[in-house]
Structures are given as C-alpha cells and as structure tokens.
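Chain by chain, the residues:
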Number of protein chains: 2
Amino acid sequence: MKIQLALDRMEIEEAIQLTRLVESSIDWIEVGTSLIKEYGVSSINELKKAFPKKVIVADIKTIDNARYEFEMCFNAGADVATVMGVSPLVTIATCLEVARRFNKKVMIDLLNSSEEQKRALLKYSDVIFCDHVSKDEQEESGSRNPGTSGGGLYEDDSLQIAVAGGITLESFVNLKQKMNPTVAIIGSAITKAEDPAATAAKFKQMIFQMKGV
Amino acid sequence: MKIQLALDRMEIEEAIQLTRLVESSIDWIEVGTSLIKEYGVSSINELKKAFPKKVIVADIKTIDNARYEFEMCFNAGADVATVMGVSPLVTIATCLEVARRFNKKVMIDLLNSSEEQKRALLKYSDVIFCDHVSKDEQEESGSRNPGTSGGGLYEDDSLQIAVAGGITLESFVNLKQKMNPTVAIIGSAITKAEDPAATAAKFKQMIFQMKGV
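This one's a predicted model, so the numbers in the text were calculated from it and none came from an experiment.

**Thoughts on the overall build of chain A**
And step 1. Looking only at helices and strands, chain A features 10 helices and 8 strands.
And step 2. Relative to its length of 213 residues, chain A is compact, with a C-alpha radius of gyration of 16 Å against a globular reference of 17 Å.
And step 3. Overall, the C-alpha framework of chain A stretches about 45 × 35 × 35 Å when taken along its three principal axes.
And step 4. Of all 213 residues assigned to chain A, the portion counted as buried reaches 59%.
And step 5. A separation of at least 24 residues holds for 62% of the contacts in chain A among residues at least 6 apart in sequence.
And step 6. Accessible area of chain A: about 9,100 Å², with a carbon and sulfur share of 46%.
And step 7. One way to put it: in chain A the 25 positive side-chain charges average out to a point 6 Å from where the 30 negative ones average out.

Structure representation (structure tokens):
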C-alpha cells in the first residue's frame, strides 16, 4: 500500500517544506485541488522540481476540457492526474487517451458518482479508482465512511483503488484490513499533526507491520 | 438577456486585451476554468482590476471544499462563482451560505446532472442555473444541444437560466426564441472570431432586435 500525501489549503513553499519533513515516509505527493485553483499549474511544476523522484498526483478534478487540462498537468510534471467519475464518459475517455500518449496515469475520483456511473467506469483497466469522501461531506455530520460506496468497487481484486477522506492513525488499521487499497490518501492527519514527520513515520510503520495481516 | 463572455484557453493578458475589444457589447465576463486552473486565483483578480464595473463570473466549478473555494473567488473580486450540480448537496448549500454572506451570487452548472439532481436543485431560488453542454460533449459527434436537458428546468418561468456550449450567431435566434435564457454564455464564437468586436456587436444587436419577438 502506498501513502499519497495530500497537500491542500496552504502556500506552495509551505507545501514543499512540509513534504521535506515527511519525504522518507510517503510515496506519492498530491498537489491538491486548492493549490491548483489558487496558484495555477505552477504548483505542479514547483512540487515536481522539488521532488523529481516522487510520483506527483495533480488533483485537477477535470470534468470538462479534458485534453487541455490533462496535457497541462503532464507537461508540468504530473505522473497522475484526476478526472471526476461524474463527468460525461467522453471526458474520461479523453483523459485516458492523453495519459496513454504521455505514458502517464489517470485517477478517477468517484466522489458522488452513482452506482450506475461506477459500474460503467469499472470497464477501464490501468486506472486508479478513488473512493472519496469529500471534505464537505466529512464536515457534515452523519456522512458515510470510505469503503461503503458500493457499485462493485471492492468486489474485483484486480482493480487499483485509492481511498481518500478523513483517514487518521486510528482508522488506518481498519482501512487496511477491510479495503486493502493500493493507495491511502492522507491529508490533514499528517499535514496538521503536531509532529508531521513522526506521524507520517507511524503510518509507514503500520503498513510494514500489517504486511503479515 | 445578458451576454457572458467566456474566456478560456488563453493567457490573462490576452484575455484582458480581447475583452477590451468587445467590452461595450458584453455584460458579464467569465474567467474560464482553464484560466483559473492554469494561472490560479490571480486570473480573477486581474480581470476584476481591469474591468471593475463588469460582473465577473469565476468558473471555478467547485465540487468540494466549497467554503475555501468560494471565499477565495469572492475575495479575489468575483461577483458570481460556479458550483457543479453533480456535487453533494452539502457542497451546494455551503456555496449558497458563502455567497449570501458576501452578498454575491451562485451559478449552478448542470453539466451531466441527472434529472433527479436537477429536480432537487430547483428548490433553490436566487441562483442561476447553467444548462451546459460541455466542450468535450461538443467535440463528440451527436451530442445534445442546450435546452434539451430536461429536469423541469424550462417549465418554471421564475428561474434564472444561463445557457452555455457552442452558441453561434446562427444558433442564437433559435436560442432566444426557444429558451429565452437570462444569460447566454458565449466563448469561441466571439473570442475566435476574425473580428471579435464586430461579432460581439452583432450578438448585442440581435438581442436588441429580438426584444419585440
């Protein structure tokens, strides 16, 4: 299982400094939607320049204009870019076409996708499906947990799945045992921790220990 | 009927120069999603600074992180900001709350929203509903035209509706007569015209002439 560090609601320089602190414990670096919308594509450029050996995920959340946005992300150094599962299918197909051309990867964000949409998307291989409980849903009381999204996502062992939304050290064991995702996307549990380096190291250690589970 | 000029796939300076050419014929200025994602929130700032008396629409296409994104847009000078109709309802409710606090307006982009989602959204008053055929759908042959989106959108005369997606001088009369939207969102028909000023003036003249229809 990989750890994807989600960087959101901060300045680019702060994102770089924070990532340096936890670099050895995390695998992928997510340039969060808020960084892209606030600072533009240079946020992707800067993070790739600072961490050229890490996988950079551009959380661009494309829902239209797929070719333009995906080319922009990959040209800026992203290795993975995100498209919304609620997009028209032609948009998702275009993202896949651009990613193939650049030899890069697509993550399909299933935030608020219907079960019907999910089933239609499961035909795509070589993508990462992101089971995503949004920030706004997390802030609303009574919101669902990741892993309860349905649509047959967890019935096919061959799928690559990322899980995002409010993952903490406490919920992490359960996540690993129940869903065993390819990628765990962790944001504020690390970025807002009193000691981000120690917290990221704990996540990494838990993955190591759980390998025998 | 207002004309909203959609500025997409260009640099900020080019957007400002182009808008100057057509300023007297258009009503609202849309800072397109591609400008925001490429150059960040400064694209909104720059356009508002250049055209302080125009209504600035930030096509931020929020689908999560509503408070952060909408506050960012309004603080940058936007008068209207967009949220996706396919978002969780809590996201849309949060956008409305922020807009009320700033005394600004929400445009709900109905791109790929289901009829069920549209019906749930029609309860909101004082928003603008955008009937939107996406760029990617336009490029796909056989895509639908605006105005065929269903969901009861055109059955309630009290709703404020914007129509977007491939509007041309040729399709404009039909649009006015069939849908009579509050806002016609026009992009490349003006921005890619050989003579943008003359073309924008033609749109304006057509609105004037059609008032008697």
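**A short note on the relation of the copies chain B and chain A**
And step 1. Of the two same-sequence chains, chain B is brought onto chain A (RMSD 0.0 Å, axial shift 0.0 Å) by a rotation of 180 degrees. Overall, the copies show the geometry of a two-fold rotation axis. Considering only C-alpha atoms, the residue of chain B closest to the rotation axis is glycine 40 of chain B, which sits at 1.9 Å.
And step 2. A symmetric contact is evident, with 100% of the interface residues of chain B recurring at the interface of chain A.

**Observations concerning the interface of chain B and chain A**
And step 1. With 37 residues of chain B at the contact, the number on the chain A side is 37 residues.
And step 2. In total, about 2,900 Å² of surface goes out of reach between chain B and chain A, with carbon and sulfur atoms giving 54% of it.
And step 3. It is Lys37, Asp64 and Asp136 of chain B that lose the most area in chain B upon contact with chain A, and together they represent 24% of the buried surface on that side.
And step 4. Inspection of the chain B/chain A interface yields 2 salt bridges.
And step 5. Lysine 37 of chain A is the salt-bridge partner of glutamate 69 of chain B, the closest N and O atoms lying 3.0 Å from each other.

**Comments concerning the pattern of salt bridges**
Note that side chains of opposite charge can pair when their charged atoms are close.
And step 1. Going through the model one piece at a time under the given rule, you end up with 24 salt bridges over all chains.
And step 2. Between glutamate 115 of chain A and arginine 119 of chain A there is a salt bridge, with the nearest N and O atoms lying 3.8 Å from each other. Of the two residues, glutamate 115 of chain A and arginine 119 of chain A both sit in helix 6 (residues 115-121), 4 residues apart, roughly one turn of that helix.
And step 3. Given the relative accessible area of 39%, glutamate 115 of chain A is considered partly exposed.
And step 4. One salt bridge connects lysine 61 of chain B with aspartate 59 of chain B, and the closest N-O pair in it is separated by 2.9 Å. Comparing lysine 61 of chain B with aspartate 59 of chain B shows no difference in burial state: the two are buried.

**Digging into the packing of helix 4 (residues 66-75) of chain B against helix 5 (residues 89-102) of chain B**
Residue and element names in this part refer to chain B.
And step 1. At a minimum axis distance of 9 Å, the contact between helix 4 and helix 5 shows a crossing angle of 30 degrees. With respect to the hand of their crossing, helix 4 and helix 5 are arranged in right-handed fashion. Contacts from Ala66, Arg67, Phe70, Glu71, Phe74 and Asn75 in helix 4 reach Thr91, Thr94, Cys95, Glu97, Val98, Ala99, Arg101 and Phe102 in helix 5.
And step 2. Of the residues assigned to the contact of helix 4 with helix 5, the class counts are 7 nonpolar, 3 polar and 4 charged.

**As for the sheet that holds strand 6 (residues 128-132) of chain B**
All names here are of chain B.
And step 1. Strand order in this closed barrel of 8 strands is 1-2-3-4-5-6-7-8, and the pairing throughout is parallel. The mean inter-strand angle of the sheet, taken between neighbouring strand axes irrespective of direction, is 25 degrees.
And step 2. Across the sheet, helix 4 lies against strand 3 (55-62), strand 4 (80-84) and strand 5 (105-109), angled at about 160 degrees from strand 3, the strand it touches most.

**Observations regarding the sheet that holds strand 4 (residues 80-84) of chain A**
As a general point, the strands of a sheet are linked pairwise by backbone hydrogen bonds and lie either parallel or antiparallel.
And step 1. Strand order in the closed barrel formed by 8 strands is 1-2-3-4-5-6-7-8 (chain A), with parallel pairing between adjacent strands. Each neighbouring strand pair of the sheet contributes to a mean axis angle of 25 degrees, computed without reference to strand direction.

**Describing the packing of aromatic side chains**
All names here are of chain B.
And step 1. The full count for this structure, using the stated rule, is 6 aromatic pairs over all chains.
And step 2. Here the aromatic rings of phenylalanine 74 and phenylalanine 102 are separated by 5.5 Å at their centres, their planes lie at 40 degrees, and the arrangement is tilted. Here phenylalanine 102 lies in helix 5 and phenylalanine 74 lies in helix 4, a separation of 28 residues in the sequence.
And step 3. Under the relative-accessibility criterion, phenylalanine 74 is labelled buried at 5%.

**What to know about the environment of glutamate 46 of chain B**
All names here are of chain B.
And step 1. Mapped onto the secondary structure, glutamate 46 falls in helix 3 (residues 42-50).
And step 2. Given the relative accessible area of 29%, glutamate 46 is considered partly exposed.
And step 3. In the structure, glutamate 46 is positioned 30 residues away from alanine 76 in sequence and 8.7 Å away in space, judged by C-alpha atoms.

**Remarks on the pairing of strand 4 of chain B**
All names here are of chain B.
And step 1. Buried residues dominate strand 4, accounting for 5 of its 5 residues.
And step 2. Judged by which residues are buried, strand 4 turns out to be covered on both faces: Val80, Thr82 and Met84 on one side and Ala81 and Val83 on the other are all buried.
And step 3. Relative to strand 4, strand 3 runs parallel, the two being bridged by 3 bridges. Residue pairing across strands places threonine 62 opposite valine 83, the latter belonging to strand 4.
And step 4. In this region the chain leaves strand 3, passes through helix 4 and returns to the parallel neighbour strand 4; the handedness of that crossover is right-handed.

**Topic: the side chain of serine 25 of chain A**
And step 1. Inspection of the secondary structure assignment puts serine 25 of chain A in the loop between helix 1 (12-22) and strand 2 (28-31).
And step 2. Not counting residues within four places of it along the chain, the set of residues in contact with serine 25 of chain A comprises Ile3, Ala200, Ala201 and Lys204 of chain A.

**Things to note about the state of the cysteines**
Residues and elements named next belong to chain A.
And step 1. Tallying each qualifying case throughout the model produces 0 disulfides over all chains.
And step 2. Of the cysteine sulfurs around cysteine 73, a residue in no disulfide, the closest is that of cysteine 95, at 9.2 Å.
And step 3. Cysteine 73 sits in the buried class, given a relative accessible area of 0%.

**Digging into helix 3 of chain B**
Because an α-helix completes one turn every 3.6 residues, residues spaced three or four positions apart along the sequence face the same direction.
All names here are of chain B.
And step 1. Within the span of helix 3, buried status applies to Ser43, Ile44, Leu47, Lys48 and Ala50. Viewed end-on, helix 3 has its buried residues packed into an arc of 165 degrees, placing them on one side of the element.
And step 2. Contacts made by the buried residues of helix 3 are with strand 1 (2-7), helix 1 (12-22), strand 2 (28-31), helix 2 (33-39), strand 3 and helix 4.

Definitions and cut-offs
Residues numbered from 1 in each chain as written. Chains lettered and ligands numbered in written order. Predicted model: local features only at pLDDT ≥ 70, side-chain atom pairs only at ≥ 80, totals over all residues. Heavy atoms only, no water. Helix = DSSP H or I, 4+ residues; strand = E, 2+ residues; numbered from the N terminus. Rg over C-alpha atoms; globule rule 2.2 N^0.38 Å. Buried < 20%, exposed > 50% of the residue type's maximum accessible area, 1.4 Å probe, protein only. Contact = heavy atoms within 4.5 Å. Areas by Shrake-Rupley, 256 points an atom, 1.4 Å probe, with all protein chains shown as cover. Lys, Arg positive; Asp, Glu negative; His and termini not counted. Charge placed at Lys NZ, Arg CZ, Asp CG, Glu CD. Least-squares fit on C-alpha atoms with pLDDT ≥ 70 in both. Buried area = accessible area lost by both parts, 1.4 Å probe. Salt bridge = Lys/Arg side-chain N within 4 Å of Asp/Glu carboxyl O. Axes fitted to C-alpha atoms, helices over the stretch in contact; angles between N-to-C directions. Left-handed = near helix turned anticlockwise from the far one by under 90°. Nonpolar A, V, L, I, M, F, W, Y, C, P; charged D, E, K, R; others polar. Pairing = 2+ DSSP bridges. Phe/Tyr/Trp six-rings, centres within 6.5 Å; stacked < 30°, edge-to-face > 60°. Right-handed = clockwise from strand over helix to strand, strands pointing away. Disulfide = S-S within 2.5 Å. Arc of directions from axis to C-beta.

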